[in-house]
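Residue-level listing of the chains:
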Amino acid sequence: MSPAPVRRTVSAVRRRIPRRWRIALRRAAAGARPWQTPSVRELCELPAGTPLLVHAGGISGDRALDGVLRALARLPEFHLALVCGEAERASAPDLIRRAGKARRRVHVVPRPRTVTAAFLAPADVAVFGFDPDAGLDLLDTFLAAGLRVAAADSRVVREHLARHQAGEFYAPGSVPSFAKAVERAWQRGGGDAPEPQEPPAAPVEAGTPGRWRALGAGPVRLGLGTANYAGQLSALAVAITTARADVGAELVMAKPPATYRYPADRYLNYPGEHRLDVQIARAERVLGWYTHLIVDAFRPVLGRLNGDDIAADLPALRRARLKVALLAHGSEIRHPGAHLERHAESAFRDAPEELRERLTAVAERNRRTAEESGLPFFVTTPDLLDDVPFATWAPLIVDVDAWACDRPVLERTRPVVLHAPSNRWTKGTDRLLPRLQELHDRRIIELRLVEGLPHSEMRRLVQDCDIVVDQLVMGSYGTFSCEGMAAGKVVVAYVSEGPHRAAGVQPPIANATPGTLVKTIESLLDDRPAAVALAAEGTHYVRDHHDGRRTAEVFDAFLR
C-alpha cells in the first residue's frame, strides 16, 4: 500500500481503532517499522514541532504535580505527557481536571515496561517533580535522552544536576515559578552549553526597615505580612506605631528575588517559602513571638508548609492564641461575576476568560475563609464593601506631604491630562484612550500617557499636570487617585456611589466612565474655578482620610 492511501485510512478510522494500531499505520505510511515500541511523542500523537513536556515519575505521590498542571494555562504552546502505570491511570482524570481548559493538552501515556532514553527522547522538556519515592535514576534517564530538565527545587536534586551542569529549578506548587523554569529550559535549547547563572538568592534576606517601631519595643508585638502591595503594609506599620506607643511591629514581605522593594524587616524570596527549614523558622517566629497578626491579601504566613493561602494556617494561629485580622485590597476578594452585574462598564469585560475564572475561584475561596473564620476583616477601598459588606473600610495610605505641590492648576490654555495605567485592563485604558486622544487632537488638552516609570519620576509628572485620569471601570478610587489629590490636581475616576455612601464619604472626584469622559473633561474646562475648588477640596480630603491617622484608628480596637 502506498503512503497516500494509508494516510487516508488513518484519517477515516482513527477513532475506531486502538492508538497502537494508528501509530503502526502512520509508521507504515512513513516507511518505518510499524511494530517498534512507540515513543512518548507518538503515544501523544503530536507532530514533531509541538513543544512537549514529559512527566515520567509517579503521579500519585508527586506534590508538585498540581502546580505543574495549573501552570499549563501560562504555557499555551506546550503539551504535557503524563506517563502512568496501570495502577495510577484510574486517578489520572481527576488530576487532569486541575489543568482547567488546558486539560486538552494533557495526555495520559501508558508506562512501558522500562522507561528508556529512546522512549523519552522525542519530548522537549522533562518535568521532575517532588515525589519522595522518585529516584535520581530517572534524572539520569532524562539526561541520557538529551532532554532539558525542569526540576522541583531540592538540595539533592540541585546537587545531582549541578554535576551535569543541567536543570532549571522551580518552587514546588508555585505556578509562576514552574512556568518560568519551563521557559528557561525551552530557550536554552538542547545540546547548548548552559549560560552562566547568577548564584541563587538566599531564601530569607535582611530587609530595609521603615520608620515603624521595632518589634519588642512595646507589649503589643504586631506581625504584618506578606504581600505588601504598593507598600501599603509598610505605610500601615508606620501609621499604627505612630498612633500607638505600646505597639512594636515586624513586617515580612514575600517577593520574587531582585524585584522592587518596599520597606520590610525581612524579605522572604518566593522559592524559599517552600523550604522546610524556612517554614519551621517562620512558624517559630510567628507562633512563638507575635501577639497580633495582620494577614495581607490572604497569603500564608508560615511559608507554604500548610498550603497556598491563609486558611490552612489558621488552626495553628488559633492554637497559639494569636489575635488575627485579615486585610484585602482588590482582586483577592472582588468577585468578577458580581462586578459585571453591578457595573455596565466593568473592567472584567476586558479581562481574558481564563483570568476571570481564576479570579472568581480566588474571590470565592477567600470570602469563604473570611466568613467561616469570623476574624476582623478590613478592606482598603470602599467598593469592596459591595463584595464583603461585613468588612470594615481601612483607608489606603499615601505619603501626603511627599506628593504635596503648590503649582497652580488649570491655568494653561491646554491643560495637561495624565493617564498612567499600572495595568491597562483594570484602568479601562483601551476604552478611554481614544476619547482622550480625540481631545488631544482637537487641541483641547495635552495628553500624557505614561507606563512603566519608576515611582519617583511618576511623582514629578503628577505634580506637573492639571488633571489625573485614573481608572474608569472599577468603581472606586485607588492609590493613584489619592496621590493626584495630594498633589492638588483634579482627579477623574469612576466612583460607585453606594459603597462610598455606606463608608460615610463623598470623595471630591469628577465621576466619569469611558462613555462620559469627554463630556466630564469639557465640563471641567468650561467652569475652571469650580474645577480648581474641587482640586483644593481633594487635598483636604486625602489628608483627612488617607495620611494614615484614620486607618490606625480603624485598627485600634483590634490591637487592644
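In case you missed it, the structure is sitting above this.
Every chain begins its residue count from 1, and numbering advances along the sequence as written. Restriction of local features to residues with pLDDT of at least 70 applies here, the model being predicted, together with a cutoff of 80 or more for giving and counting side-chain atom pairs; totals for whole chains, interfaces and linings are based on all residues. Side-chain figures throughout are based on the complete set of non-hydrogen atoms in the structure, without hydrogens or water.

Caption draft 1: Fine view of the overall build of the protein. What the protein contains, in helices and strands, is 23 helices and 19 strands. Relative accessibility thresholds used throughout: buried, under 20% of the residue-type maximum; exposed, over 50%; partly exposed, between the two (1.4 Å probe, protein chains only). Relative to its full complement of 560 residues, the protein shows a buried share of 53%. In what follows, a contact means two residues having at least one pair of non-hydrogen atoms within 4.5 Å. Excluding contacts between residues fewer than 6 apart, the proportion of contacts in the protein whose partners are at least 24 apart in sequence is 68%. Here the protein has roughly 25,700 Å² of accessible surface; of this, 51% comes from carbon and sulfur atoms. Secondary structure elements follow DSSP: runs of H or I of four or more residues count as helices, runs of E of two or more count as strands, with numbering from the N terminus. Surface accessibility follows the Shrake-Rupley procedure with a 1.4 Å probe radius. Residue values consider only the protein chains on display as shielding.

Caption draft 2: Quick look at the pattern of salt bridges. Take a side-chain nitrogen of Lys or Arg and a carboxyl oxygen of Asp or Glu: if they are within 4 Å of each other, that pair is a salt bridge. This structure, assessed with the given rule, holds 34 salt bridges. Residue R244 pairs with D556 through a salt bridge whose shortest N-O separation is 3.0 Å. Of this pair, R244 sits in the loop between α10 (232–243) and β9 (247–255) while D556 sits in helix α23 (residues 549–556); the two residues are 312 residues apart in sequence, bridging distant segments of the chain. Given the relative accessible area of 22%, D556 is considered partly exposed. The closest approach of N and O atoms between D547 and R549, which form a salt bridge, is 2.7 Å. Here D547 falls in the partly exposed class, since its relative accessible area comes to 25%. Overall, the relative accessible area of 51% leaves R549 in the exposed class. Put simply, D66, R70, R98 and D308 are held in one network by salt bridges that share partners.

Caption draft 3: Representation of helix α7 (residues 136–144) in the model. Here α7 has its buried residues at L138, L139, T141 and F142. Buried positions in α7, seen along its axis, are confined to an arc of 160 degrees and lie on one side of it. Away from its buried face by more than 90 degrees, α7 exposes D137 and A144. Within two residues after α7, G146 carries a phi angle of roughly 80 degrees, on the positive side. Directions from the helix axis toward the C-beta atoms define the arc.

Caption draft 4: Region of the structure containing the side chain of R41. Relative to the helices and strands, R41 is located in helix α3 (residues 40–44). Accessibility expressed as a relative area gives 7% for R41, which makes it buried. Distance and chemistry together define a polar contact, namely a pair of N or O atoms within 3.5 Å, with one atom able to donate a hydrogen and the other to accept it when in protein, and with adjacent residues in sequence counting only for side-chain atoms on both sides. Within polar-contact distance, the side chain of R41 engages the backbone oxygen of T50 at 2.8 Å. Setting aside residues no more than four positions away along its own chain, R41 makes contact with L46, P47, A48, T50, L52, P122, A123 and D124.

Caption draft 5: Representation of the sheet that holds strand β12 (residues 323–328) within the structure. Spatially, 8 strands are ordered β7-β10-β9-β8-β11-β12-β13-β14 in an open sheet, and the strand pairing comes out mixed. In this open sheet, the two edge strands, each paired with only one partner strand, are β7 (204–208) and β14 (392–393). Two strands pair under a simple rule: DSSP has to find at least two bridges between them. With 4 bridges connecting them, strand β8 (residues 220–226) and strand β11 (residues 292–296) associate as parallel partners. Following the sheet pairing, G223 is matched in β11 by L293.

Caption draft 6: Up close: the packing of helix α22 (residues 528–546) against α23. Between α22 and α23, the least distance of the axes is 5 Å, while the angle of their chain directions is 30 degrees. Taken together, the axes of α22 and α23 lie roughly parallel to each other. From α22, R543, D544 and H545 reach across to α23, where they touch R549, R550 and T551. Residue polarity follows a fixed list, in which Ala, Val, Leu, Ile, Met, Phe, Trp, Tyr, Cys and Pro are nonpolar, Asp, Glu, Lys and Arg are charged, and the others, Gly among them, are polar. Here the residues of the contact of α22 with α23 are counted per class, giving no nonpolar, 2 polar and 4 charged. Convention adopted: a line fitted to C-alpha atoms gives each axis, helices being fitted over their contacting stretch, and angles between N-to-C directions are expressed from 0 to 180 degrees. Reported orientations rely on four angle classes, namely roughly parallel under 35 degrees, roughly antiparallel over 145, roughly perpendicular from 65 to 115, and oblique for the rest.

Caption draft 7: Main features of the packing of helix α19 (residues 479–486) against α22. Orientation of α19 relative to α22, taken along the N-to-C sense of each, is 125 degrees, at an axis distance of 7 Å. As the angle between them shows, α19 and α22 are arranged oblique. Between α19 and α22 the crossing geometry is left-handed. Here C482, M485 and A486 of α19 lie close against α22, whose contacting residues are G538, T539, Y541, V542 and H546. Each crossing gets its hand from how the near helix is turned against the far one by less than a right angle, where anticlockwise is left-handed and clockwise is right-handed.

Caption draft 8: A look at the nonpolar core. Take the buried Ala, Val, Leu, Ile, Met, Phe, Trp, Tyr and Cys residues and link them wherever side-chain atoms come within 4.5 Å; each set so joined is a nonpolar core. Grouped together as the largest cluster of nonpolar side chains are 58 residues, with contacts concentrated most on L293, L317 and F377. With 4 residues, the single largest contributor to this core is α19. Excluding residues that lie within four positions of it along the chain, L293 makes contacts with L222, G223, L224, V286, V301, L317, L322, K323, V324, A325 and F558. Counting 30 residues, the second largest nonpolar core, distinct from the first, contains A64, A71, V127 and A152.

Caption draft 9: Representation of the side chain of E205 within the structure. Among the secondary structure elements, E205 is positioned in strand β7. Residue contacts for E205: discarding those within four places in its chain leaves R261, R266, Y267 and N269.

Caption draft 10: Seen up close, a nonpolar patch on the surface. Without a salt bridge and with relative accessible area above 30%, a residue can belong to a patch; like charges are then joined within 9 Å and nonpolar side chains (Val, Leu, Ile, Met, Phe, Trp, Tyr) within 5 Å. Residues L276, I280 and L305 make up a contiguous nonpolar surface patch of roughly 270 Å² in combined accessible area. Residue placement: I280 occurs in helix α11 (residues 276–289).

Caption draft 11: Expanded view of unusual backbone geometry. Of note, the amide linkage connecting G225 to T226 takes the cis form, showing an omega dihedral of 5 degrees. Tracing the sequence through the fold places T226 in strand β8. If you check the backbone angles, L410 has positive phi at about 60 degrees while not being a glycine. The exposure class assigned to L410 is buried, which follows from its relative accessible area of 6%. At R443, a residue that is not glycine, the phi angle is positive and equals roughly 60 degrees. On the secondary structure map, R443 appears in the loop between α17 (429–441) and β16 (446–449). Overall, the relative accessible area of 58% leaves R443 in the exposed class.

Caption draft 12: The arrangement of the layout of surface pockets in detail. Cavities and pockets are defined on a 1 Å grid built over the protein atoms alone: a cavity is a set of grid points where a 1.4 Å probe fits but cannot escape, while a pocket is an open set with protein on both sides within 12 Å along at least five of seven lines, and lining residues are those with an atom within 4 Å of any such point. Grid points are joined across faces, edges and corners, and a volume is the space filled by probe spheres set on the points. When its volume is computed, the second largest pocket comes out at roughly 410 Å³. Considering the residues around the second largest pocket, the lining is formed by 15 residues, among which R63, P172, H274, R304 and L305 are closest to the centre. Sorting the residues of the lining of the second largest pocket by element identifies α4 (65–71) and α11 as the ones contributing at least two each. Top contributing element to the lining of the second largest pocket by residue count: α4, with 3 residues. Partitioning the lining of the second largest pocket into residue classes produces 4 nonpolar, 6 polar and 5 charged.

Caption draft 13: Broad picture of the pairing of strand β18 (residues 490–493). Here β18 shows a buried face lined by V490 and V492 and a second buried face lined by V491 and A493. Bridge count between strand β17 (residues 467–469) and β18: 3 bridges; the pairing is parallel. When the sheet's bridge partners are listed, I467 is paired in β18 with V490. The parallel pair β17 and β18, bridged by α19, forms a crossover whose chirality is right-handed. Summarising the sheet, β18 and strand β19 (residues 510–511) pair through 2 bridges and their orientation is parallel. Each bridged residue has a counterpart across the sheet, and for V492 the counterpart in β19 is A510. With the strands aimed away from the viewer, a crossover counts as right-handed if its path from the first strand over the helix to the second runs clockwise. Assessed by its sense of winding, the connection that carries the chain from β18 through helix α20 (residues 497–502) to β19 is right-handed.

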